[in-house]
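# Summary of the model geometry
Chain by chain, the residues:
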Amino acid sequence: MQRNGGGGGGGGQPWVLRRVRLTWLSFMLFFILVFFPLIAHYYLTTIDEAGGPDKRIFGPRPGGELCEAKHVQDLCRIRESVSEELLQLEAKRQELNGEIARLNLRIEACKRSIDSAKQDLLQLKNVISQTEHSYKELMAQNQPKLSLPVRLLPDKEDPGLPPPKSARTCRLRSCFDYARCPLTSGFPVYVYDTGSYAWGDYLDPLVKQAFAASVKSNIYVTDNPGIACLYLVLVGELQESSSPAPSPSELEKQLKALPYWRSDGHNHVLVHFSRKYMTQNFLYNVSTGRAAVAQSTFLEQQYREGFDLVVSPLVHALSEPNFLEVPPQVPVKRKYLFTFQGERVESLRSSLQEAPPQSFEEEMEGDPPADYDDRIVGTLKAVQDSHLDQVLMEFTCKNPQPSFPTEWALCGEREDRLEVLKASTFGLVIAPGDGQLVASAGCGMRLFEALEVGTIPVVLGEHSRLPYHQFIRWSEAAIIVPKPRVTELHFLLRSLSDNDMLAMRRQGRFLWETYFSTTENVLNTLLASIRTSIQVPAAPIKEEPAHEIPHKAGKMAGTDANLADNGDLDLGPVETEPPYASPRFLRNFTYTAAETYRTWNRAPGPFHLFPHTPMDPVLPSEAKFLGSGTGFRPIGGGTGGSGKEFQAALGGNVPREQFTVVMLTYEREEVLMNSLERLNGLPYLNKVVVVWNSPKPPSDDLLWPDIGLPIVVVRTEKNSLNNRFLPWDAVETEAILSIDDDAHLRHDEIMFGFRVWREARDRVVGFPGRYHAWDVNHQSWLYNSNYSCELSMVLTGAAFFHKYYAYLYSYVMPQAIRDMVDDYINCEDIAMNFLVSHITRKPPIKVTSRWTFRCPGCPQALSHDDSHFHERHKCINFFVKVYGYMPLLYTQFRVDSVLFKTRLPHDKTKCFKFI
């Protein structure tokens, strides 16, 4: 038992030892495998960090010491491979980024191309739409365009007219042969030579000379009597000589002996110009047949209403009146309220001795008094004695001029009378006491002198026939009252406002300057009155021939970067195939026959026929949809709309039209070329007229931009700023955009100005505004260009105006103004503003907020010189002197587009993006 037990115990001890050894060996192996690498790693790391770069174990060493080991070499190869791959990836990334950038650029270019194509497509649609519209209008037009009929000439074998019952019953319908004056005849007038008839030797030499000079310059006068519509015979005034004038019977024989009298004198006018205060009415007992009589003195039984003509006296026979010596129209009220100087020889003394009646009403209860003049004298003397107002009444003269019986004789010399009238607000013109004397040279002389110095005439006697009363509305320039109202005359004159008095004074100045001031005007007025009576249009006003300078076009014009400000708006179709000229002379007959009073009583008068005027009537809105829509382009077809529809059509109240750019330049070729290039693609532009103001022609190698429209370069005779406003025949549109060669305007600004001008055709519409300021210290006017809330001028270096004003500026405006523009080489824009305001009595219109318009980098202009402003001060005051008053008017607003600064729904666009 013990052996077994002992044997069992002795056998287990080795097994325990073996197990202990195995455990220790495992522990040692674990220690070696775990802790030894950790300790080695720590040791090596510490040594690597403590040593320098040269002693590092795991860092790069010069010469590749660590790469000698195989495993280190593998790590290096891996590192180099990874680095190379990283470099390749970076290069690939950069390449992809570049490709992305290029694709983005191509995308943007495609977008711009698409936008441009959309704009081109929209413009093309607009052009197609307008072309279709024009075609439909042409096909639907039921009024064919006829050419003017062939000029009709009278038959040499004139059969004559059936005689009227009496020569004293002559009227145009019965005594004038209309067959000799067709509407298209041009109104030829034949003037008899004063040496061809016997009594021509009796005529006043001064009158003959003045008449001959006026005839020589008249555009209607012809040397061919066979085609004449009218025949003029100068019969007076007779000179004072010892030999007696021909008797009435002898004068009748001489008239019938005229070569073209044709038995009854039809279409003849016997002209008697009065230069004296009293002119003998030697035609009173002469049978003039069917010939009309034009003179200053008529008796009632002699005057044939609507056939004979009352003309003004011939005061300035060969002399030109000095307009600068005419007194100014302001102040309105002068020293005397009214004045009268005259003497009536018959019954004058008895009228001074007898007391005036208490009232005219008492006299009118019984038989009408035979003569009111005695009562007029008493009443006027009573007004003078009351001292309520300062008046001057002189009924006796030291040296009275000869006069007809019952007519008031003029007192003293002409210069003395004018001095009194210059101090008078009103001047009395008392009609002759004899009611049979319906017109007299003495009254005509008083009327002429009053108008000459700006005195408002007061005509006592409504039965008097004033000069050309059939056409001139004398009530706008004179106060005409019946003699019985003389007791109320003082009250009437005091009740007039300054506005009314100044308007009458201004109208009187217009009548005097236009119809009575010179012999030439008197003759033109006489012919115009006859021509208007028979409804023959006036001769067309002269166009200035444009002598073109040949030039060659170069490269296609690009688009100015500054024009990109127009945004995404289409400003309208570019109508270039072909340019659309404004219709001309559409109102020839109506202008002559239907607007007689307006043409005779508003500047410039009836002497010219204009192709078009800014005052032409406008159709009502529904007419364009109901049969009169030719040329109209309503917005949205009549439904209206916002920006998109607005830009597709001109709309407005007048038919479609274009405008012409007139650009003045002087030896600045580079600036000019840049300005022309900026006009490329401008909608509604008809052509560009470049006024070459330099005597030196353009350079031979100068390449002009091709803007897709005609560029007409006009040669001028001299360097003058007035050339800017010449009515060139190359300008075929009513609208003119006058622009300097250094003016810099965007397309949307130009288009907006054009649209505004279409609604205010009689105004100057432009961009830079200026105003006239009153100099209190010197009592004169100053030109001011400072920023102001009021303006009165728009500079024509960037402005729209009607071509009608170019005619007036060049041919109607006083020559003294154009001469001053040439002397100073300045002020032409001020002169144009004066002219338009004088004609319309309206201020100009300023558009947009722009105050200057010079292009950046352009050479300095003349306006930067200090003397420029001093000259403009002088110009304004000189122009005021010529006109007699300041025509400029102030305005306190400018014009912006309708939807400017208006919040719109997302589906609507503005009319203009920045205006």
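Model, not experiment: these values are computed from the prediction. (Residues numbered from 1 in each chain as written. Predicted model: local features only at pLDDT ≥ 70, side-chain atom pairs only at ≥ 80, totals over all residues. Heavy atoms only, no water.)

## Some words on the packing of aromatic side chains
For any pair of aromatic rings, the description rests on two quantities: the centre-to-centre distance and the angle between the ring planes. Put simply, the rule reads: Side-chain rings of Phe, Tyr and Trp, where Trp is taken by its six-membered ring, are said to pair if the distance between their centres is within 6.5 Å; with planes under 30 degrees apart they count as stacked, over 60 as edge-to-face, and otherwise as tilted. Numbered from the N terminus, helices here are DSSP runs of H or I no shorter than four residues, and strands are runs of E no shorter than two. Only protein chains enter the area calculation, which uses a 1.4 Å probe; residues under 20% of their type maximum are buried, those over 50% are exposed, and those in between are partly exposed.
On inspection of all chains with the given rule, the structure shows 40 aromatic pairs. For the pair Tyr192 and Tyr260, a centre-to-centre distance of 6.1 Å together with 40° between the ring planes defines the contact as tilted. Of this pair, Tyr192 sits in the loop between strand E1 (189-191) and helix H4 (205-216) while Tyr260 sits in the loop between helix H5 (248-256) and strand E3 (268-272); the two residues are 68 residues apart in sequence, bridging distant segments of the chain. Residue Tyr192 is classed as buried on the basis of its relative accessible area, which comes to 3%. A residue is classified by how much of its surface remains accessible, and Tyr260, at 25% relative accessible area, is partly exposed. Ring plane angle 55° and centroid distance 6.1 Å describe the contact between Phe395 and Trp408, whose orientation is recorded as tilted. Here Trp408 lies in the loop between strand E8 (392-394) and helix H9 (414-422) and Phe395 lies in the loop between E8 and H9, a separation of 13 residues in the sequence. One exposure class covers both Phe395 and Trp408, and it is buried.

## Things to note about the nonpolar core
Keep this limit in mind: Residues belong to one nonpolar core when they are buried, are Ala, Val, Leu, Ile, Met, Phe, Trp, Tyr or Cys, and are joined through side-chain atoms within 4.5 Å. Contact criterion: two residues are considered in contact whenever any of their non-hydrogen atoms come within 4.5 Å of each other.
Ranked by size, the top nonpolar core spans 135 residues in total, and within it Phe187, Leu232, Phe273, Phe516, Leu526 and Phe879 carry the most contacts. Setting aside chain neighbours within four positions, we find Leu526 in contact with Val271, Phe273, Ala294, Leu309, Val311 and Tyr468.

## Quick notes on the pattern of salt bridges
To keep it simple, the criterion reads: A side-chain nitrogen of Lys or Arg and a carboxyl oxygen of Asp or Glu constitute a salt bridge if their distance falls within 4 Å.
On inspection of all chains with the given rule, the structure shows 40 salt bridges. The closest approach of N and O atoms between Glu449 and Arg417, which form a salt bridge, is 2.6 Å. With Glu449 in helix H10 (residues 441-452) and Arg417 in helix H9, the pair connects residues that are 32 residues apart, well separated along the chain. Here Glu449 matches Arg417 in class, with each residue buried. Put simply, Arg758 and Glu657 hold a salt bridge, and the shortest N to O gap is 2.9 Å. Here Glu657 lies in the loop between helix H16 (643-648) and strand E15 (659-665) and Arg758 lies in helix H18 (residues 747-759), a separation of 101 residues in the sequence. Taken as a pair, Arg758 and Glu657 share a single burial class, namely buried.

## Concerning the packing of helix H21 (residues 828-840) against helix H22 (residues 866-883)
Cut-off, in case you're wondering: To get an axis, fit a line to the C-alpha atoms, keeping to the stretch in contact for a helix; angles then go from 0 to 180 degrees between the N-to-C directions. For classification purposes, angles smaller than 35 degrees are called roughly parallel, those larger than 145 roughly antiparallel, those between 65 and 115 roughly perpendicular, and all remaining angles oblique. Whether a crossing is left-handed or right-handed is set by the direction in which the near helix is turned from the far one by less than a right angle, anticlockwise for left-handed and clockwise for right-handed. Each residue gets one of three labels, nonpolar for Ala, Val, Leu, Ile, Met, Phe, Trp, Tyr, Cys and Pro, charged for Asp, Glu, Lys and Arg, and polar for the others, Gly among them.
Look at H21 against H22: their axes get within 10 Å of each other, and the N-to-C directions meet at 30°. With respect to H22, the axis of H21 lies roughly parallel. In the packing of H21 onto H22, the handedness of the crossing is right-handed. Between H21 and H22, the contacting residues are Asp829, Ile830, Ala831, Phe834, Leu835 and His838 on the first element and Arg872, Ile876, Phe879, Val880 and Tyr883 on the second. By residue class, the composition of the contact of H21 with H22 is eight nonpolar, one polar and two charged.

## So, empty space enclosed by the protein
Over the atoms rolls a probe the size of a water molecule, and in doing so it shows where empty space is left. This is how it is decided: Note on definitions: the grid is 1 Å and covers protein atoms alone; a cavity is a set of points where a 1.4 Å probe fits but cannot get out; a pocket is an open set with protein on both sides within 12 Å along at least five of seven lines; lining residues have an atom within 4 Å of a point. Grid points are joined across faces, edges and corners, and a volume is the space filled by probe spheres set on the points.
Scanning all chains against the criterion turns up 11 cavities of 30 Å³ or more. Taken as a whole, the largest cavity encloses approximately 140 Å³ of empty space. The wall of the largest cavity is formed by 13 residues, among which Phe340, Gln341, Leu421, Leu428 and Arg446 lie closest to the centre. The set of elements that each furnish at least two residues to the lining of the largest cavity consists of strand E7 (336-341), H9, strand E9 (424-430) and H10. Looking at side-chain class alone, the lining of the largest cavity contains seven nonpolar, three polar and three charged residues. The space that makes up the second largest cavity amounts to roughly 110 Å³. Residue lining of the second largest cavity: 17 residues in total, with Ala439, Ser440, Cys443, Gly444 and Arg465 positioned closest to the centre. Sorting the residues of the lining of the second largest cavity by element identifies strand E10 (437-439) and H10 as the ones contributing at least two each. Class assignment of the residues belonging to the lining of the second largest cavity gives a composition of 12 nonpolar, four polar and one charged.

## A closer look at H21
Note the following rule: Here the expected length of a helix is defined as 1.5 Å per residue gap, with one fewer gap than residues.
Spanning 13 residues, H21 covers 18 Å between terminal C-alpha atoms, matching the ideal 18 Å at 1.5 Å per step. Buried residues dominate H21, accounting for 11 of its 13 residues. When H21 is considered as a whole, its buried residues turn out to be Glu828, Asp829, Ile830, Ala831, Met832, Asn833, Phe834, Leu835, Val836, Ser837 and Thr840. Turning to H21, the residues buried within the fold contact strand E22 (780-784), strand E23 (793-794), strand E24 (798-802), helix H19 (803-812), helix H20 (815-824) and H22.

## Section: the sheet that holds E3
For clarity, the threshold we go by: The rule for pairing is simple: two strands pair if DSSP sees at least two bridges between them.
Pairing in this open sheet of five strands is parallel, and the strands run E1-E2-E3-E4-E6 from one edge to the other. Lying at the two open borders of the sheet, with one neighbouring strand each, are E1 and strand E6 (309-310).

## Brief notes about the packing of H20 against H22
Packing of H20 against H22 brings their axes to within 10 Å, and their N-to-C directions diverge by 170°. Here H20 is positioned roughly antiparallel relative to H22, judged by the angle of their axes. As H20 packs across H22, the resulting crossing turns out to be right-handed. Contact with H20, carried on its side by Ala816, Ile817, Met820, Val821 and Tyr824, involves Glu871, Lys874, Cys875, Phe878, Phe879, Val882 and Tyr883 of H22 and no other residues of that element. Of the residues in the contact of H20 with H22, the class split is 10 nonpolar, no polar and two charged.

## Notes on the state of the cysteines
Our working definition: In this description, the term disulfide denotes a pair of cysteine sulfurs within 2.5 Å.
Enumeration according to the criterion identifies four disulfides in this entry. Note that Cys170 is cross-linked by a disulfide to Cys175, the S-S spacing being 1.9 Å. Here Cys170 and Cys175 share a disulfide; its torsion about the S-S bond, -80°, makes the bridge left-handed. Looking at Cys170, the relative accessible area reads 0%, which means it is buried. A sulfur-sulfur distance of 2.0 Å marks the disulfide that ties Cys827 to Cys875. Between Cys827 and Cys875 the sulfur-sulfur dihedral comes to about 85°; the bridge is accordingly right-handed.

## Points about the sheet that holds strand E21 (residues 769-775)
Pairing is antiparallel in the open sheet, where three strands are placed in the order E22-E21-E23. Two strands close off the open sheet at either side, each with one partner strand: E22 and E23. Summarising the sheet, E21 and E23 pair through two bridges and their orientation is antiparallel. The residue of E23 that forms the bridge with Gly769 is Val794.

## Describing a nonpolar patch on the surface
Counted only if it meets this: Patches were defined on residues exceeding 30% relative accessible area and lacking a salt bridge, with like-charge contacts within 9 Å and nonpolar side-chain contacts (Val, Leu, Ile, Met, Phe, Trp, Tyr) within 5 Å. Surface accessibility in these figures is a Shrake-Rupley result with a 1.4 Å probe; residues are shielded only by whichever protein chains are displayed.
A cluster of nonpolar side chains, contributed by Phe27, Leu29, Phe30, Phe31, Ile32, Leu33, Val34, Phe35, Leu38 and Ile39, occupies part of the molecular surface with about 980 Å² of accessible area. By the element assignment, Val34 lies in helix H1 (residues 2-50).

## Brief notes about the pairing of E3
Among the five residues in E3, five count as buried, and that is most of the element. Side-chain alternation along E3 places His268, Leu270 and His272 on one buried face and Val269 and Val271 on a second face that is also buried. Relative to E3, strand E2 (residues 230-236) runs parallel, the two sharing five bridges. For Tyr231, the partnering residue across the bridge sits in E3 and is His268. Note that E3 and strand E4 (residues 292-295) share three bridges and pair parallel. Residue pairing across strands places Val269 opposite Ala292, the latter belonging to E4.

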